[in-house]
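Here are the chains, one letter per residue:
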Amino acid sequence: MQDREPDEFRESTSFLQIWLLFRQNRVALFSFYLFCLLILTALFPKLIMPYSANMEFVGEELMPPSWVEKGRIAFFFGTDDLGRDVLSRLIMGTQYTLGSSLLVVIAVATMGGALGILAGMSEGIKSRFLGHFFDAFLSIPILLIAIIISTLMEPSLMNAMFATMLAILPYFVHAIYQAIQQELKKDYVLLLKLDGISNWELLKTTILPNISIVYTQEISRAFVVAILDITALSFISLGAQRPMPEWGAMIKDSLELIYLAPWTVLLPGFAIIFTILLSIIFTNGLCKAINKYYE
């Protein structure tokens, strides 16, 4: 049997080695498992929910959480002003908030990565023009872009996802573009070009592995921005509408109950913060593992 080339062996084992290094970080590994659990919850919420998300229990309105004196275990996180189970709505909300954010990130990572690579590998006047074009977007906050786009469309979760994707995309493309441009200026790349290496081979074997940490960090950043923007658009009535149990919409619908029934506002907020923290811890651990592998 013919021996395998070192580069081929490295490519086939890189993911395994990175995973083994990642597993050494117990906190990041735990956050990864919890994040996977959230994704499963978003995929199959009806298997976990104790009640239907919009089921109203007459006479059980504003029931406090079970750990409060007047709370009941049947409504573990209490009920809202319409008698709907908060736990069931939070679980269903993972499909709308987390699920929609993941779809936005997948679209941004795919399109933004491809556009960023094409822009980054360009040269001459085209490269300088693209650089100035992307720099122009950095002066405008992503949420403001998403709000402007959302106001031009009918308020809905789908349109909020589309607006968020369009708002994040230029920033993502700019980050990948800048990372590739910095790599192209390094001495070892110039030496490889003098040796006659093709752009595709240079991109595949050298540039992409070296920007993998930047790519991972930008995906994490895009996810955080996506979940914040989607919930923010729902909060200002430009995203998910009643009775959809999207976390931002849940906060908006219960905001007037903040003093009477604070759990109806705080629990969706905690769900947003918890999801973001899990993604940040997981991504930081993954970036450290990638960095150790390529050292």
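Naming follows an unreviewed UniProt entry, where the chain appears as ABC transporter, permease protein of Haemophilus parainfluenzae HK2019. Per UniProt, the comment on the chain under Sequence similarities (unreviewed entry) is "Belongs to the binding-protein-dependent transport system permease family. OppBC subfamily."

Chemist: Would you explain the packing of aromatic side chains in this entry?
Modeler: Each aromatic ring pair is described using two quantities: the centre-to-centre distance and the angle formed by the ring planes. What the rule picks out here adds up to 14 aromatic pairs. Residues Phe-57 and Phe-75 carry aromatic rings whose centres are separated by 5.0 Å and whose planes lie at 70 degrees to one another, so their mutual orientation is edge-to-face. Note that Phe-57 is positioned in the loop between helix H2 (26-43) and helix H3 (86-120) and Phe-75 in the loop between H2 and H3, a separation of 18 residues in sequence. Look at Phe-57 and you get buried, because its relative accessible area is 19%. Pairing Trp-67 with Phe-76 gives two aromatic rings, centres 5.9 Å apart and planes at 75 degrees, and the pair type is edge-to-face.

Chemist: Where do I start with the UniProt feature "transmembrane region" (unreviewed entry) in the chain in this structure?
Modeler: Under the present numbering, the feature "transmembrane region" (unreviewed entry) in UniProt falls on residues 27-48, 98-121, 133-153, 159-177, 222-240 and 260-282. Between the C-alpha atoms that bound residues 27-48 there is a distance of 26 Å. The span itself is 77% helix and 0% strand. Structurally, residues 222-240 comprises 74% helix and 0% strand, and the distance from its first C-alpha atom to its last is 20 Å.

Chemist: So what exactly am I meant to see when it comes to H2 here?
Modeler: An α-helical turn contains 3.6 residues, so any two residues separated by three or four positions project in the same direction. Between its terminal C-alpha atoms H2 stretches 26 Å, which fits the 26 Å expected from 18 residues at 1.5 Å a residue. Buried residues of H2: Ala-28, Leu-29, Ser-31, Phe-35, Leu-38, Thr-41 and Ala-42, and no others.

Chemist: Can you help me understand a nonpolar patch on the surface in this one?
Modeler: Where nonpolar side chains cluster on the molecular surface, the patch consists of Val-27, Leu-266, Phe-270, Ile-273, Leu-277 and Ile-281 and spans about 550 Å² of accessible area. One can find Phe-270 in helix H11 (residues 263-294).

Chemist: Looking at this model, I keep getting lost on the environment of Ile-213. Mind explaining?
Modeler: You can see Ile-213 is positioned in helix H9 (residues 212-235). Residue classification places Ile-213 among the partly exposed positions, given a relative accessible area of 22%. Linking Ile-213 and Trp-19, residues 194 residues apart in sequence, is a C-alpha distance of 14 Å. In this view, Ile-213 contacts Cys-287, Ile-290 and Asn-291; residues no more than four positions away in its chain are not counted.

Calculation criteria
- Residues numbered from 1 in each chain as written.
- Predicted model: local features only at pLDDT ≥ 70, side-chain atom pairs only at ≥ 80, totals over all residues.
- Heavy atoms only, no water.
- UniProt positions renumbered as here; feature names shortened; annotations may be inferred.
- Phe/Tyr/Trp six-rings, centres within 6.5 Å; stacked < 30°, edge-to-face > 60°.
- Helix = DSSP H or I, 4+ residues; strand = E, 2+ residues; numbered from the N terminus.
- Buried < 20%, exposed > 50% of the residue type's maximum accessible area, 1.4 Å probe, protein only.
- Expected span 1.5 Å × (residues − 1).
- Patch = residues over 30% accessible without salt bridge, like charges linked within 9 Å, V, L, I, M, F, W, Y side chains within 5 Å.
- Areas by Shrake-Rupley, 256 points an atom, 1.4 Å probe, with all protein chains shown as cover.
- Salt bridge = Lys/Arg side-chain N within 4 Å of Asp/Glu carboxyl O.
- Contact = heavy atoms within 4.5 Å.

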